[in-house]
Amino acid sequence: MLRKEARRFAARAVHASFLAILLCSASAFGQEGAQPRERAQGPAGAQAQRVQVPPGPRIRAAVVAGGCCHDYPGQTATLMHAVEKVLPVDWTFLYIGGTNGQHVPALYDDPNWFKGYDIIVHNECYTPGDTLISQRYLQNIGLATRAGIPAMVIHCAMHTFRAEPTDEWREVQGVKSVRHGPATRVPMKVAAPKHPIMQGIPAEWLSPVDEIYILDRVYPGTVTLATAVEPSNSTEYAVVWTHQAQGARVFGTSIGHSNATWADPVYQQLLTQGFKWAVGR
Ligand SMILES: [Zn+2]
């Protein structure tokens, strides 16, 4: 990883002005082995997709995405277009690998990986089976929140590095999960209706087909905003939360598996309001 892979990573860091074009072909990028850099040919299509820029200071957001099982370019484009309706954002899409969940991204080798951003969105899915990851590497991920940089952690971010025996990454996210239930329509119930993130979110919402993450632990500083009952064990778990224990705001949701969920207006409202809360806007 390191130097060679770092160069590969750098080549895959796609700035958002090129990424918006991906929205038009999100389904193509959902396929195994998709390489977004080959498709991001230029900004012309991106400009056509732009909405009017909201007022206020611009926010520098990095989306760390890639790995197993989900359409990261498509999901990222959906997030960008939802958030850009209410906040001016300069996006950087840090696409750190295709569909190989065994991969260990070089990104976090660099302890300065988060510098220059106002918020980090984690929507990645790496679950190496063997514990080969150093504690320093895991600590590097958490350096961002300890430096006061807010974060959003979405779906498989919770299962990334789930085999690691230590909690550095989980303590950033506020929960521990190593498995999920079968695909189902998640019956989400709002637990904190007065929280700004949940404003306007229906008290009960049935998601498109998605996954409920089994939470083995909830860490101090985590506030549950919404829950769902996992049908396979009749147990209620947090599915939306905030976490503030390391010096920065973290918004988390374990929902976000399918593109149908990402296309749902309620889910987009949840992500948008989570983003706003995290950056304090
Ligand atoms: Zn999933």
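Bear in mind that the values here come from a model prediction, so they are computed numbers and not experimental data.

The next point concerns the overall build of the protein chain. Helices and strands together make up the secondary structure of the protein chain, namely 10 helices and 12 strands. The burial tally for the protein chain puts 45% of its 281 residues in the buried class.

A few words on helix 6 (residues 72–83). Under the 1.5 Å per step criterion, the end-to-end length of helix 6 is 16 Å for 12 residues, consistent within 8% with the ideal 16 Å. For helix 6, a buried count of 10 out of 12 residues is recorded, marking the element as mostly surrounded by other parts of the structure. Buried within helix 6 we find Tyr72, Pro73, Gly74, Gln75, Thr76, Ala77, Thr78, Leu79, Met80 and Val83.

Counting residues in hydrophobic clusters, the biggest one holds 71 residues, and the most contacted among them are Val63, Ile119, Ile120, Val121, Ala151 and Val239. Element by element, the count of residues in this core is highest for helix 10 (residues 265–279), at seven residues.

Turning our eyes to something else, we now look at helix 10. At 3.6 residues per turn, the α-helix brings residues three or four places apart onto the same side. Along its 15 residues, helix 10 runs 21 Å from first to last C-alpha, staying within 8% of the 21 Å computed at 1.5 Å per residue. Of all the residues in helix 10, the buried ones are Tyr267, Leu270, Leu271, Gln273, Gly274, Phe275, Trp277, Ala278 and Val279. Looking one or two residues past helix 10, glycine 280 carries a phi angle of roughly 75°, positive in sign.

Topologically, glutamate 236 is positioned in strand 11 (residues 235–243). Separated by 24 residues in sequence, glutamate 236 and isoleucine 212 have C-alpha atoms that sit 9.6 Å apart. Residues in contact with glutamate 236, not counting those within four places in the same chain, are Thr227 and Val229.

What follows deals with the pairing of strand 4 (residues 119–125). Burial within strand 4 is extensive, with seven of its seven residues counted as buried. Covered by surrounding structure in strand 4 are Ile119, Val121, Asn123 and Cys125 together with Ile120, His122 and Glu124, the residues of both alternating faces. Strand direction decides the pairing type here: strand 2 (residues 59–67) and strand 4, joined by seven bridges, are parallel. Within the sheet, the bridge partner assigned to alanine 62 lies in strand 4 and is isoleucine 120.

Residues with a pLDDT of 70 or more make up 80% of the protein chain, whose mean pLDDT is 84. Counted against residues more than four places away or in other chains, residues 1–48, with its pLDDT under 50, gives 84 contacts.

With respect to the helices and strands, the residue tyrosine 213 is situated in strand 9 (residues 213–218). Sequence-wise, tyrosine 213 and serine 254 are 41 residues apart; in three dimensions their C-alpha atoms are separated by 6.1 Å. Excluding its chain neighbours within four sequence positions, the residues that come into contact with tyrosine 213 are Met158, Ser177, His180, Tyr237 and Ser254.

This part is about the packing of helix 6 against helix 10. For the pair helix 6 and helix 10, the least separation of the axes is 9 Å and the interaxial angle reads 70°. By the criterion of interaxial angle, the relationship of helix 6 to helix 10 is roughly perpendicular. In this structure, helix 6 crosses over helix 10, and the sense of that crossing is right-handed. The segment helix 6 lies against helix 10, with Thr78, Leu79, Ala82 and Val83 engaging Gln268, Leu271, Thr272 and Phe275. Classifying every residue of the contact of helix 6 with helix 10 gives five nonpolar, three polar and no charged.

This paragraph deals with the environment of histidine 155. On the secondary structure map, histidine 155 appears in the loop between strand 5 (151–154) and helix 8 (168–173). For histidine 155, a count of 27 C-beta atoms within 10 Å translates into the label buried. Remark: the alpha-carbon pair of histidine 155 and tyrosine 213, spanning 58 residues in sequence, is separated by 8.1 Å. Beyond its immediate chain neighbours, meaning those up to four positions away, histidine 155 contacts Asn123, Ser254, Ile255, Gly256 and His257.

Phi is positive for histidine 155, which is not a glycine, with a value near 50°. Phi at phenylalanine 161 is positive, roughly 60°, even though this residue is not glycine. For phenylalanine 161, the location among the structural elements is in the loop between strand 5 and helix 8. When the 22 C-beta atoms within 10 Å are taken as the criterion, phenylalanine 161 is described as buried.

Rules and cut-offs
Residues numbered from 1 in each chain as written. Predicted model: local features only at pLDDT ≥ 70, side-chain atom pairs only at ≥ 80, totals over all residues. Helix = DSSP H or I, 4+ residues; strand = E, 2+ residues; numbered from the N terminus. Buried ≥ 20, exposed ≤ 12 C-beta atoms within 10 Å, placed from the backbone. Expected span 1.5 Å × (residues − 1). Core = buried A, V, L, I, M, F, W, Y, C linked by C-beta atoms within 7 Å. Contact = placed C-beta atoms within 7 Å. Pairing = 2+ DSSP bridges. pLDDT = per-residue confidence, 0-100. Axes fitted to C-alpha atoms, helices over the stretch in contact; angles between N-to-C directions. Parallel < 35°, antiparallel > 145°, perpendicular 65-115°, else oblique. Left-handed = near helix turned anticlockwise from the far one by under 90°. Nonpolar A, V, L, I, M, F, W, Y, C, P; charged D, E, K, R; others polar.

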